[in-house]
Every structure is written in structure tokens, then in C-alpha cells.
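Residue strings, one per chain:
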Amino acid sequence: PRERADFINPIITDVLQVDLERLVRKRIWHLLSRDEVSKLSNQGFTFELHTHKHLSVTEFPEKIANEISVNRKSIEEATNGKTEHFCYPSGRWNRDTWKILDQCQVRSAVTCRLGPNFHHTPLLSMRRVMCGESKDMLQFEYEMSNLRFLFDSAMNPRSFYRPTEVCTSTLTPE
């Protein structure tokens, strides 16, 4: 990590003309500290699983079980809670990884696909609403109500709901 920082920092400061020291002082691009996670957990926030180093489950399937184990241990120690839900890094997934997630006792997983979930949507490929600082409350409510899905489907009938369970995989669907 130190070697990576020594390589990347000059690019950020010199090439991109970004005041990296200011970003570090303001804690921009920082992860929550263990104490912050504990405090938020005590206030009712929940923390769930990811790969600990943000590794893609499709590119590094052999490392995923360990990544989830390390992430689970870190979260559960900070929150005194149980973790059983997963978020795919960068939303990349395929059915091949479901066996690994099942072995890791993951009950559900979310992708970055937009749209509603239905009774037949597999629990390991749930869609979600992507939220961020750029969305105001009206945009958030629009997404949560599924009006966006209905409007997009009406305007683009060919792209009307492509089931989440349809994805590239070497496994054949059950």
C-alpha cells in the first residue's frame, strides 16, 4: 500500500492538480473508522458484507471466501452484530459465485441493477436503488416508488424488465 501511495499521490497532486493534503485533512475518500462504525451501529445503522479489499467476485472467485470472512470478522467485531447480506463490488456478479456465497452463509446479495425485485428474483441477485449525494429527495422517492422503472419501460418497450436472474454464466440455471 505504501508503494502504491508513493506512485499515485504525485499523479493526483501534480497531474490532476488536486490538493491531496486538503482532501486528507477533510477526510474525503476515507473509510469509516472502527469507532465510527461502532457508534453508528449503536444508533441503529446496520453494516453488511462486501469483499474486504473490493475484489470482484467474478475476477477473483478463489479469493472471495477469505475476503468475506475477513470483512465479516471486521464488521462483527465493530458492531457486535451478525452479517449475512452482501453487496457485489462494482455490481459485478454471476451465478457461478452463488455457491461461494452460499458456503459463506450469505442470505442475500444486491447488484447495481436498477428496477424492482419480484417474488421470483433470486435472493443472491437483488436489484437496488442507487443513492448518492447527487440525488435530492424527489429523485430518491421517484426511484423508490418504481415510477422510474414504469416510465422507462413505457418509453422503451424493448428494454422492458430484463430479469435479474439472466446473466452470463457457465452454470446452467436450475
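Residues numbered from 1 in each chain as written. Predicted model: local features only at pLDDT ≥ 70, side-chain atom pairs only at ≥ 80, totals over all residues. Heavy atoms only, no water.

1. Concerning the overall build of the chain
Here is step 1 of the chain: From N to C terminus, the chain includes seven helices and two strands.
Here is step 2 of the chain: If you list the helices and strands of the chain from N to C, you get α-α-α-α-β-α-β-α-α.
Here is step 3 of the chain: With 174 residues in all, the chain has 28% of them scored as buried.
Here is step 4 of the chain: Taking the contacts inside the chain whose residues are at least 6 apart along the sequence as the reference set, 49% of them involve residues at least 24 apart. (Helix = DSSP H or I, 4+ residues; strand = E, 2+ residues; numbered from the N terminus. Buried < 20%, exposed > 50% of the residue type's maximum accessible area, 1.4 Å probe, protein only. Contact = heavy atoms within 4.5 Å.)

2. A closer look at the packing of aromatic side chains
Here is step 1 of the chain: Counted by the stated rule, this structure contains three aromatic pairs.
Here is step 2 of the chain: Residues Phe-86 and Tyr-88 carry aromatic rings whose centres are separated by 5.4 Å and whose planes lie at 90° to one another, so their mutual orientation is edge-to-face. As far as the burial class goes, Phe-86 and Tyr-88 line up, both buried.
Here is step 3 of the chain: Clustering of aromatic rings is evident, with ring pairs tying together Phe-86, Tyr-88, Trp-93 and Trp-98. (Phe/Tyr/Trp six-rings, centres within 6.5 Å; stacked < 30°, edge-to-face > 60°.)

3. Concerning the side chain of Ser-41
Here is step 1 of the chain: Counting through the fold element by element, Ser-41 comes out in helix 3 (residues 34-42).
Here is step 2 of the chain: Relative accessible area serves as the criterion here: at 17%, Ser-41 is assigned to the buried category.
Here is step 3 of the chain: If we ignore the near neighbours within four places in the chain, the residues touching Ser-41 are Phe-47 and Thr-79.

4. Things to note about the environment of Asn-117
Here is step 1 of the chain: With respect to the element layout, Asn-117 can be found in the loop between strand 2 (108-110) and helix 6 (137-144).
Here is step 2 of the chain: Taking relative accessible area as the criterion, Asn-117 reaches 30% and is therefore assigned partly exposed.
Here is step 3 of the chain: When neighbours within four sequence positions are excluded, Asn-117 is seen to be in contact with Met-126 and Arg-127.
Here is step 4 of the chain: Within the structure, Asn-117 has its side chain in polar contact with the backbone nitrogen of Arg-127 (distance 2.7 Å). (Polar contact = N/O pair within 3.5 Å; in protein donor to acceptor, adjacent residues only side chain to side chain.)

5. Focus on the pattern of salt bridges
Here is step 1 of the chain: The full count for this structure, using the stated rule, is seven salt bridges.
Here is step 2 of the chain: In this structure, Lys-73 and Glu-77 form a salt bridge, with 3.0 Å as the shortest nitrogen-oxygen distance. Taken together, the residues Lys-73 and Glu-77, both in helix 4 (residues 61-79) and four residues apart, mark about one turn of the helix.
Here is step 3 of the chain: Residue classification places Lys-73 among the exposed residues on the basis of a relative accessible area of 51%.
Here is step 4 of the chain: For Lys-82, the salt bridge goes to Glu-84, with nearest N and O atoms at 3.7 Å.
Here is step 5 of the chain: Judged by relative accessible area, Lys-82 falls into the exposed class, the value being 65%.
Here is step 6 of the chain: Here the salt bridges do not stand alone but share partners, grouping Arg-34, Lys-73 and Glu-77 into one network. (Salt bridge = Lys/Arg side-chain N within 4 Å of Asp/Glu carboxyl O.)

6. Topic: unusual backbone geometry
Here is step 1 of the chain: Of note, the phi angle at Ser-90 is positive, near 60°, even though the residue is not glycine.
Here is step 2 of the chain: One can find Ser-90 in the loop between strand 1 (85-87) and helix 5 (98-103).

7. Here's the deal with the confidence of the model for the chain
Here is step 1 of the chain: Of all residues in the chain, 87% attain a pLDDT of 70 or more, and the chain-wide mean is 83.
Here is step 2 of the chain: This model gives residues 164-174 a pLDDT under 50, and the stretch forms 24 contacts once residues within four places in sequence are excluded. (pLDDT = per-residue confidence, 0-100.)

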